[in-house]
Amino acid sequence: MKALVYHGPGQKAWEEKPKPIINKPTDAIVKILKTTICGTDLHIMKGDVPAVTDGRIIGHEGVGIVEEVGSAVSNFKKGDHVIISCITSCGKCEYCKKGMYSHCVDGGWILGNLIDGTQAEYVRIPHADNSLYPIPEGADEEALVMLSDILPTGFECGVLNGQVKPGDTIAIVGAGPIGMAVLLTSQFYTPAEIILIDVDDNRLQVAKTFGATQTINSSDGKAVEKIMQLTNGRGVDVAIEAVGVPETFELCEAIIGAGGHIANIGVHGKSVELHLETLWSKNITITTRLVDTITTPMLFKNVQSKKLQPNKLITHHFRLDQIIEAYDTFGHAAKEKALKVILTS
């Protein structure tokens, strides 16, 4: 089969790889129909995730058709149409029983990280019964690709960890796909103000159409000043970091108000300065999280009912064998006006 293979920072290739096989009775082999590229994949390509080694097939999102199942798989059979979760969970270990699927002792975020992932014609899914979701007939496949990762990530790591409440003023730092997923799902809780901060005017304009009440281009270095003007000097109730670089986390620290929540989502490859000299007395909560995907079934219902329409995030389409071109487009998002790309096998 063909797959997108990582060969060290800045190096990738679309090349021939062995088709995966069943290794354990709980495995399934899935033929990829549609997949996408995540901001985390860009972090991998920069070398920010050292666990990813030379030769790894990357990618952790997608929908497909079950090709084969192991003898212990009971929820799925050959021919089933499925969503692939970015998080693999056994459903039985101590962490899974706490709902912390991301820390599953035989899973977690392993696809495209510790084992071969979904940017390929076929993928092996361990613990298939707990790591796949059935797709009903007639569902919008492209919308459901967003349930693999970005919707539960934005909701769990940003909205839930940030404890967004009705009437809150929230700031989302980063208007990429994850930031947009936070924007869409935060509206479940009717915050009074949703402020999007980014350096890309096109993304900020799109954010307004998705429900942002204010947008700030931070490229002039005056984002803190503008936030304080908007909040009468108080700062925001919730600041959500959705980029993964020191500057954006430190911006969250600078704009958070007393009693507020800073919710980190971004994948950080460098250390960040924690400004306790200004935060120690402000009753601030800082949270970190890897998505657990425990909210995927709820989000699925909202996508099916059209309360959530994540297909709006899709800006570009490619064939799977055009994945190098797709990476170039996604990696130059401002220039290409890209949010989410869909790759079709």
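Everything discussed here concerns the structure shown above.
What comes next concerns the included structure. It should be emphasised that the depicted structure is a prediction, and the values quoted were computed from it without experimental measurement. (Residues numbered from 1 in each chain as written. Predicted model: local features only at pLDDT ≥ 70, side-chain atom pairs only at ≥ 80, totals over all residues. Heavy atoms only, no water.)

**Quick notes on the pattern of salt bridges**
Tallying each qualifying case throughout the model produces 14 salt bridges. For Lys98, the salt bridge is made with Glu94, and the minimal N-O distance between the two is 3.6 Å. An identical accessibility class is assigned to Lys98 and Glu94; each is exposed. Between Arg289 and Glu156 there is a salt bridge whose closest N-O contact spans 3.5 Å. Residue Arg289 is located in the loop between strand E13 (285–287) and helix H11 (296–304), and its partner Glu156 is located in helix H5 (residues 150–160); the two are separated by 133 residues in the primary sequence. If you follow the salt bridges from partner to partner, you end up with Glu156, Arg289 and Asp292 in one network. (Salt bridge = Lys/Arg side-chain N within 4 Å of Asp/Glu carboxyl O. Buried < 20%, exposed > 50% of the residue type's maximum accessible area, 1.4 Å probe, protein only. Helix = DSSP H or I, 4+ residues; strand = E, 2+ residues; numbered from the N terminus.)

**Re the sheet that holds strand E11 (residues 236–241)**
Backbone hydrogen bonds hold the strands of a sheet together, and the pairing may be parallel or antiparallel. Strand order in the open sheet formed by six strands is E10-E9-E8-E11-E12-E13, and the pairing between neighbours is parallel. The open sheet has two edge strands with one neighbour each: strand E10 (214–217) and E13. Across the sheet, the axes of successive neighbouring strands diverge by a mean angle of 15°, strand direction being ignored. Of the pairings in the sheet, the one linking E11 to strand E12 (residues 256–264) comprises five bridges and is parallel in character. Paired with Val236 across the strands is Ile256, a residue of E12. Contacts between helix H6 (residues 177–186) and the sheet are confined to strand E8 (169–173), strand E9 (193–198) and E11, with E8 contributing the most and set at about 160° to the helix. Of the strands in this sheet, E9 and E10 touch helix H7 (residues 201–210), which is tilted by about 175° from E10. (Pairing = 2+ DSSP bridges. Axes fitted to C-alpha atoms, helices over the stretch in contact; angles between N-to-C directions. Contact = heavy atoms within 4.5 Å.)

**Here we look at the pairing of strand E2 (residues 12–16)**
In terms of strand pairing, strand E1 (residues 2–6) meets E2 through five bridges, oriented antiparallel. The residue bridging Val5 from the neighbouring strand is Ala13, located in E2. Adjacent in sequence and paired antiparallel, E1 and E2 are bridged by five residues, among which Gly8 carries a positive phi angle near 105°.

**Here we look at the side chain of Arg124**
Looking at where Arg124 falls in the secondary structure, it is placed in strand E6 (residues 122–125). At a separation of 2.9 Å, a polar atom in the side chain of Arg124 contacts the side chain of Asp27. Apart from residues lying up to four places away in sequence, Arg124 is in contact with Pro20, Ile21, Asn23, Asp27, Ala28, Ile29, Leu111 and Ile115. (Polar contact = N/O pair within 3.5 Å; in protein donor to acceptor, adjacent residues only side chain to side chain.)

**Considering the pairing of strand E3 (residues 28–35)**
Buried residues dominate E3, accounting for six of its eight residues. Relative to strand E4 (residues 62–69), E3 is paired through six bridges, and the arrangement is antiparallel. Looking at E4, one finds that Lys34 is bridged to Val63. In terms of strand pairing, E3 meets E6 through four bridges, oriented antiparallel. Looking at E6, one finds that Ala28 is bridged to Ile125. Two elements, E3 and strand E15 (residues 340–344), share two bridges in a ladder whose sense is antiparallel. Paired with Lys34 across the bridge in E15 is Thr344.

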